[in-house]
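This is what each chain is made of:
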Amino acid sequence: MAEILVTGGQGQVGIELAARGWPNGVRLSLPTRDELDISDAGSVRAFLAGRSFAAVINCAAYTAVDKAESDIGAAFAVNALGPALLAEAFKSAGTPIVHISTDYVFDGAKDEPYLDSDPINPLGVYGASKEAGEQAIRGAAARAVILRTAWVVSPHRANFIKTMLRVGAERPVLRVVADQRGCPTSAKDLAGAAAEIALRLIADDRAPTGTYHFVNGGDTTWHGLACRVFETASRHGGPSPTVEAIATAEYPTPAKRPANSRLSTARLTADFGIVPRPWQDATDEIVDALIGGKG
Ligand SMILES: NC(=O)c1ccc[n+]([C@@H]2O[C@H](COP(=O)([O-])OP(=O)(O)OC[C@H]3O[C@@H](n4cnc5c(N)ncnc54)[C@H](OP(=O)(O)O)[C@@H]3O)[C@@H](O)[C@H]2O)c1
């Protein structure tokens, strides 16, 4: 039996990893944060004592982007020290790691979608802490795939689609930022990519490693995503507020966000054969699950 350790199993991506069908002979270990705190060396040591895994998918992260600006120690503990402890713990056994990272390692100044090889320059604490996590994995020379993603949405936990549906039911007019471009990404589709990569790494010692991007196909703005959410929701009798386009400057937040968050998935498709579906299909599926009762 090949056992895959999934950290952060109660998060958006972890929930989707737990929900998916896995091949016979594969099972998941899904510890809670109390059972395995990746930012605590003692907890990592105690959890791993006497256990071995076929692969690790690290979905555990400090994801509160704005709060991170004033909670620097906590963000770095989970996003930088955590991956360092995992990489160190699994290095000697050669256990493959799929580590999820973020578009926020980039500053957004590029005009084109970011390539996996583009220089990084985070604008805020969250991005800097995730960059440090990437460096820790690379520095430990662990057998790893770093999988960057962006704008993760799902029917679970807190995310942009759920926020829009909640506030859209409360207010007739919403003002949504229209000058940040990115690729909305279904946690389910991201989980599918992470699972496929982990299974390849388990099956094939020569499977590619390094840094890759996974996002759903195409791109839009937060305003464009909100419009799509309400178009779909209104077909189910859900909210359909007016969605006004505003500039980032009109919606100040503690953390600066990249104006361009688009990520190229070309290398992932070339090396792993993974072709993401369009963001519109993924968005509709989530809204259907939340409003249409098709979950
Ligand atoms: N959400 C996005 O838009 C987005 C965009 C780009 C990249 N990403 C990346 O995608 C990955 C998955 O994100 P997500 O949206 O699934 O995040 P999420 O829903 O916030 O889930 C994160 C999970 O990590 C757990 N966690 C936090 N600190 C931990 C620790 N010290 N030890 C163990 N577990 C810990 C949380 O536990 P609790 O359940 O106790 O809170 C939660 O289950 C992360 O690496 C994130 O940086 C996300």
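Look a little higher up for the structure.
Residues numbered from 1 in each chain as written. Predicted model: local features only at pLDDT ≥ 70, side-chain atom pairs only at ≥ 80, totals over all residues. Heavy atoms only, no water.

**Q** Looking at this structure, I do not really get the pairing of strand β1 (residues 2-7). What am I missing?
**A** Look at any regular strand and the pattern is simple: side chains alternate between the two faces of the sheet. Both β1 and strand β2 (residues 26-29) contribute to a ladder of 4 bridges, which runs parallel. Residue pairing for β2: isoleucine 4 is matched across the bridge by leucine 28. Crossover β1 to β2 through helix α1 (residues 12-19) is right-handed. Relative to strand β3 (residues 55-58), β1 runs parallel, the two being bridged by 4 bridges. Its bridge partner lying in β3, isoleucine 4 is registered against alanine 55. (Pairing = 2+ DSSP bridges. Helix = DSSP H or I, 4+ residues; strand = E, 2+ residues; numbered from the N terminus. Right-handed = clockwise from strand over helix to strand, strands pointing away.)

**Q** In this structure, what is going on with the pattern of salt bridges? I would like to understand it.
**A** If the charged atoms of two oppositely charged side chains come close together, the side chains can form a pair. Under the defined criterion, the tally for this structure stands at 14 salt bridges. The salt bridge partner of glutamate 3 is arginine 27, with a shortest N-O separation of 3.6 Å. Here the residue glutamate 3 occupies a position in strand β1, and arginine 27 occupies one in strand β2, the gap between them amounting to 24 residues. For arginine 27, a relative accessible area of 45% gives the class partly exposed. For the salt bridge of glutamate 250 with arginine 175, the shortest nitrogen-to-oxygen distance reads 2.9 Å. Pair noted here: glutamate 250 is in the loop between β12 (242-246) and α9 (266-272) and arginine 175 is in strand β7 (residues 173-177), with a separation of 75 residues, a long-range link. A residue is classified by how much of its surface remains accessible, and glutamate 250, at 43% relative accessible area, is partly exposed. By relative accessible area, arginine 175 is classed as partly exposed at 47%. (Salt bridge = Lys/Arg side-chain N within 4 Å of Asp/Glu carboxyl O. Buried < 20%, exposed > 50% of the residue type's maximum accessible area, 1.4 Å probe, protein only.)

**Q** Could you clarify how one ought to interpret the packing of aromatic side chains in this entry?
**A** Aromatic ring pairs are defined here through the distance separating the ring centres and the angle between the ring planes. Tallied over the full model, the rule gives 7 aromatic pairs. Ring centres 6.4 Å apart and planes at 5° place the aromatic pair phenylalanine 47 and phenylalanine 53 in the stacked group. We classify phenylalanine 47 as buried; its relative accessible area is 8%. Of the aromatic side chains, those joined through ring pairs into one cluster are Phe47, Phe53 and Phe90. (Phe/Tyr/Trp six-rings, centres within 6.5 Å; stacked < 30°, edge-to-face > 60°.)

**Q** Any chance you could explain the site of the ligand here in plain terms?
**A** Looking at the ligand, there are 26 residues lining it, with Asp37, Thr63, Tyr126, Lys130 and Arg157 nearest. One nitrogen or oxygen atom from the main chain of glycine 11 is found 3.0 Å from an oxygen atom belonging to the ligand. The contact in question runs from an oxygen atom of the ligand to an N or O atom on the backbone of glutamine 12, over 3.0 Å. Here the ligand loses 86% of its free accessible area of 910 Å² to cover by the protein chains. (Near = heavy atom within 4 Å. Polar contact = N/O pair within 3.5 Å; in protein donor to acceptor, adjacent residues only side chain to side chain. Areas by Shrake-Rupley, 256 points an atom, 1.4 Å probe, with all protein chains shown as cover.)

**Q** Which parts of the structure should I look at to understand the pairing of strand β4 (residues 97-102)?
**A** Taking burial as the measure, the 6 residues of β4 include 6 buried ones, the bulk of the element. Sheet topology places β3 next to β4; 3 bridges connect them, and they run parallel. Within the sheet, the bridge partner assigned to asparagine 58 lies in β4 and is histidine 99. Examined bridge by bridge, β4 and strand β5 (residues 144-149) share 6 bridges and lie parallel to one another. Each residue of the ladder has a partner; that of threonine 102, found in β5, is threonine 149.

These figures come from the coordinates and say nothing about function on their own.
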